[in-house]
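# Coordinate analysis (summary)
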Amino acid sequence: MFSVTEANSVLSYLKGTPLLVAQLMYGAGLRLKETLRLRVQDVDFGRMEITVRHGKGGKDRMTLLPKASVEALPFKSCWVMPMSIQQ
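Below: a short report on this structure. (Residues numbered from 1 in each chain as written. Predicted model: local features only at pLDDT ≥ 70, side-chain atom pairs only at ≥ 80, totals over all residues. Heavy atoms only, no water.)

### A word on the nonpolar core
Among the nonpolar cores identified, the biggest contains 12 residues, and these are Leu20, Leu24, Ala28, Leu30, Leu38, Val43, Phe45, Ile50, Val52, Leu65, Val70 and Leu73. Every element with two or more residues in this core is listed here: helix H2 (16-28) and strand S2 (49-52). Each residue touching Leu24, except ones within four places of it in the same chain, is listed here: Gly29, Leu30, Thr35, Leu38, Ile50, Leu65, Pro66, Ser69 and Leu73. (Core = buried A, V, L, I, M, F, W, Y, C linked by side-chain atoms within 4.5 Å. Buried < 20%, exposed > 50% of the residue type's maximum accessible area, 1.4 Å probe, protein only. Helix = DSSP H or I, 4+ residues; strand = E, 2+ residues; numbered from the N terminus. Contact = heavy atoms within 4.5 Å.)

In structure tokens:
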């Protein structure tokens, strides 16, 4: 288990996709396989939640979406675009 300082130290060495994966694993408590299986429809930006499908034991669960990961998610723009068009 990392302290906050240790986790920030490790994250400071990462960039791009490895950083995003590490932020989701640490911030949302996701396992590596769960993180790599995430789909656009599994992330609810409005409620700041992630639906983990077929996790450990084959069960679905909900977890929090870390604020630090929101801007780095590559499909956030896919979600935001239709909302701006609707307004």
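Back to the write-up after that little detour.
### Regarding unusual backbone geometry
Notably, Met48 is not glycine yet its phi reads approximately 55 degrees, a positive angle. Looking at the secondary structure, you find Met48 in the loop between strand S1 (43-44) and S2.

### With respect to the pattern of salt bridges
What the rule picks out here adds up to 6 salt bridges. Of the charged contacts in the structure, one is a salt bridge between Glu34 and Arg61, with a shortest N-O distance of 2.7 Å. Here Arg61 lies in strand S3 (residues 61-64) and Glu34 lies in helix H3 (residues 32-36), a separation of 27 residues in the sequence. Among the residues examined, Glu34 registers a relative accessible area of 8% and is labelled buried. Residues Glu49 and Arg47 are paired through a salt bridge, measuring 3.8 Å at the closest nitrogen-oxygen approach. Sharing partners across several salt bridges, the network here consists of Arg39, Asp42, Arg53 and Asp60. (Salt bridge = Lys/Arg side-chain N within 4 Å of Asp/Glu carboxyl O.)

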